[in-house]
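Architecture and fold: a report
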Amino acid sequence: MKYPVIQNYINGSWVDSSTSKTMDVISPLDGNLLSRVPMSSAADLDKAVTAAQAAFPSWSKTPIKERVQVFFRYKVLLEKHLRELAELCSEENGKTYSESVAEIEKCIELTEFATSLPQLVTGELLEVSRGVECRTEHVPLGVVASIVPFNFPSMVPNWTIPNAIALGNCMIMKPSEKVPLSCGRLAELLKEAGLPDGVFNIVHGDVGIVEAICDHPNIEAVSFVGSTKVAKIVYQRATHNYKRCLALGGAKNHLMVLPDAISDMTAQNVAASMSGCAGQRCMAASAMIGVGNIDHIVAKICDEARKIVPGVNLGAVINKASQERIEQYISDAEKDGAKILVDGRNTSVPGKEKGTYVGPTVIDFVTPDMSVAKEEIFGPVISIMRTKTVDEALEIENANPYGNAASVFTQNGAMARYIIDRASAGMIGVNVGVPVPREPFSFGGWNESKFGVGDITGKSSIEFWTKLKKSTIKWNAEAGVNWMS
Ligand code: NAD
């Protein structure tokens, strides 16, 4: 085992979980055992919440301009440790080193945004009648929780850590039990950056600890990122307990390709979108709809896909179960009559035979009723459907229950606008395969890709992590009594 058994991080210290139940942490790259992660108990969570509650009065009263100084230093530490963090990310998640570098760079960008928060939370003030003013303030909530998935071990935690904490909250982080190591390094860097003990805590585990978070009476808000199935469970349970909740779910992103699209650029973007991070991105292109004759573009997509080499510029998928699930989807499509143009099944990387790889896969002549057209595959697979018109393509896109992203590839601006207006997704790309809005624009889907109000990053996150205090103040006490008195 490469690393010692993982501990929880409570009140600035590493502490053993009260349970002896653990899960193995296996590297998808080569199947090696990295560590073991504790399945913590509700008692462990309670200790973390107590520490966070104790830290809250002082942290929330620290002026925001002082609080963000921690994140200026944290940003520098992320830059300093970029290589080490990227290596750890690849090791536990299976993505390529360059993808991990991009992930840490995104963490830096997210942190930069948080350092701008003092500029964005200035509140409003107006003299509403003679001598009487109303003012607003964004007030932190208290102890908040963040529950994250396996596919971005550092980035998704950093969707919430800098903003929630800079806004004055204290946090309980529940990392994915599949990739628990990166969060630990983030905790150490936050401490080195000067974050007071108790403001950031980590409790490891799986279902049990998530349920305990949703039930804990002293946690005010829960943010969740993961599959739609679990997002629904968490959203229902947290809101049932009267907590604020924002739960981001899974995705099935459609990419509409029109015959006038620039073929080389489109093919490169489609191939990169479906295969980046081994297709384990909630913004990955998963279904492509060719409108009219796009055979020339499909041929180029296949050429691009064949250039992608597992273990070189394509990482591993998270585990054996995932590998088998993805291969089953491909086999089902074949059985249902689709044509496998590039086949990623039975992929093995020499010297890493225990790694869990699926090669890039292009499936053509998929119909909307097939499982590869409807379900989230979360692997390096693109399912191509064909329609005669843009409206038919939009009908397919609109019918899918998710709504994270949709993209169109065309040179026709009016057509692009037509699709922007009608696609049922929160994040739209025009000639962009992975339309993740960069900071300060916020990240969040629609439909079954997100439950709750607002987005998880950017300005929108201010509303989620704070509550608004409205004061009405009369300065000229001598003034007569009126309806406001
Ligand atoms: P997951 O839903 O299995 O797990 C997410 C978190 O929930 C983990 O911390 C896990 O421990 C916990 N969990 C798992 N099952 C649970 C249950 N039954 N009850 C309570 N908690 C439970 O997701 P994953 O496999 O880690 O991540 C992949 C999924 O996340 C994909 O569906 C992907 O689309 C989605 N995702 C969405 C976004 C987005 O922004 N919408 C971003 C990243 C990932």
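Going by the structure above, here's the rest.
Let us look at the structure shown here. (Residues numbered from 1 in each chain as written. Predicted model: local features only at pLDDT ≥ 70, side-chain atom pairs only at ≥ 80, totals over all residues. Heavy atoms only, no water.)

Comments concerning the environment of Cys-107
Its location among the elements puts Cys-107 in helix 4 (residues 97-115). In this structure, the C-alpha to C-alpha distance between Cys-107 and Met-155, residues 48 residues apart in sequence, is 5.3 Å. In this structure Cys-107 touches Leu-78, Ser-154, Met-155 and Asn-158, once residues within four positions along its chain are discounted. (Helix = DSSP H or I, 4+ residues; strand = E, 2+ residues; numbered from the N terminus. Contact = heavy atoms within 4.5 Å.)

Some points on the environment of Leu-181
One can find Leu-181 in helix 7 (residues 181-192). Spatially, the C-alpha atoms of Leu-181 and Glu-91 are 9.5 Å apart, while their sequence positions differ by 90 residues. In contact with Leu-181, not counting residues within four places along its chain, are Tyr-3, Ile-6, Leu-34, Ser-35, Leu-88 and Glu-92.

Concerning the layout of surface pockets
Of the volumes computed, that of the largest pocket is approximately 1,000 Å³. The wall of the largest pocket is formed by 41 residues, among which Pro-149, Lys-178, Gly-226, Ser-227 and Val-230 lie closest to the centre. Elements that contribute at least two residues to the lining of the largest pocket include exactly helix 6 (155-166), helix 8 (207-215), strand 10 (221-225), helix 9 (228-240) and helix 12 (320-335). Grouping the amino acids of the lining of the largest pocket by side-chain chemistry returns 22 nonpolar, 10 polar and nine charged. Of the residues that make up the lining of the largest pocket, three or more belong to each of domain 1 (8-250 + 445-470) and domain 2 (253-430). Examining the composition of the lining of the second largest pocket, we find that six residues originate from one element, helix 4, more than from any other. Its residues assigned to classes, the lining of the second largest pocket comprises 11 nonpolar, one polar and seven charged. Taken domain by domain, the makeup of the lining of the second largest pocket includes at least three residues from each of domain 1 (8-250 + 445-470) and domain 2 (253-430). (1 Å grid on protein atoms, 1.4 Å probe; cavity = no way out; pocket = protein on both sides within 12 Å on 5 of 7 lines; lining within 4 Å. Points joined across faces, edges and corners; volume = space filled by probe spheres on them. Nonpolar A, V, L, I, M, F, W, Y, C, P; charged D, E, K, R; others polar. Domains from an automatic or database assignment.)

Remarks on the packing of helix 2 (residues 64-80) against helix 6
At a minimum axis distance of 8 Å, the contact between helix 2 and helix 6 shows a crossing angle of 150°. With respect to their mutual orientation, helix 2 and helix 6 come out roughly antiparallel. Of helix 6, the residues touching helix 2 (which contributes Ile-64, Arg-67, Val-68, Phe-71 and Tyr-74) are Asn-158, Ile-161, Pro-162, Ile-165 and Ala-166. (Axes fitted to C-alpha atoms, helices over the stretch in contact; angles between N-to-C directions. Parallel < 35°, antiparallel > 145°, perpendicular 65-115°, else oblique.)

What to know about the nonpolar core
With 88 residues, the main nonpolar core has Leu-45, Trp-159, Ile-161, Ile-165, Met-171, Ile-172 and Phe-200 as its most contacted residues. Considering every element that reaches this core, the biggest residue donor is helix 1 (residues 42-61), with eight residues. When residues are assigned to domains, this core turns out to be shared by domain 1 (8-250 + 445-470) and domain 2 (253-430), each giving three or more. Excluding residues that lie within four positions of it along the chain, Phe-200 makes contacts with Tyr-9, Ile-161, Ile-165, Met-171, Met-173, Ala-187, Leu-190 and Leu-195. Judged by nonpolar contacts, the second largest core, of 35 residues, contains Ile-289, Ile-308, Ala-338 and Ala-416. (Core = buried A, V, L, I, M, F, W, Y, C linked by side-chain atoms within 4.5 Å. Buried < 20%, exposed > 50% of the residue type's maximum accessible area, 1.4 Å probe, protein only.)

Let's talk about the packing of aromatic side chains
This structure, assessed with the given rule, holds six aromatic pairs. Each ring, one from Phe-71 and one from Tyr-74, has its centre 5.9 Å from the other, and the planes form 85°; the classification is edge-to-face. With Phe-71 and Tyr-74 both in helix 2, this residue pair falls three residues apart, about one helical turn. Both residues of the pair, Phe-71 and Tyr-74, belong to the buried class. Seen in terms of ring centroids, Trp-159 and Phe-443 are 4.5 Å apart; in terms of plane orientation they differ by 35°. Their pairing is tilted. With Trp-159 in helix 6 and Phe-443 in the loop between strand 18 (427-430) and strand 19 (450-451), this residue pair connects regions lying 284 residues apart in the sequence. Neither residue differs from the other here; Trp-159 and Phe-443 are each classed as buried. For the cation-ring pair, Arg-422 lies above Tyr-418, with the distance from its terminal atom to the ring centre recorded as 3.6 Å. (Phe/Tyr/Trp six-rings, centres within 6.5 Å; stacked < 30°, edge-to-face > 60°. Lys NZ or Arg CZ within 6 Å of the ring centre and 35° of its normal.)

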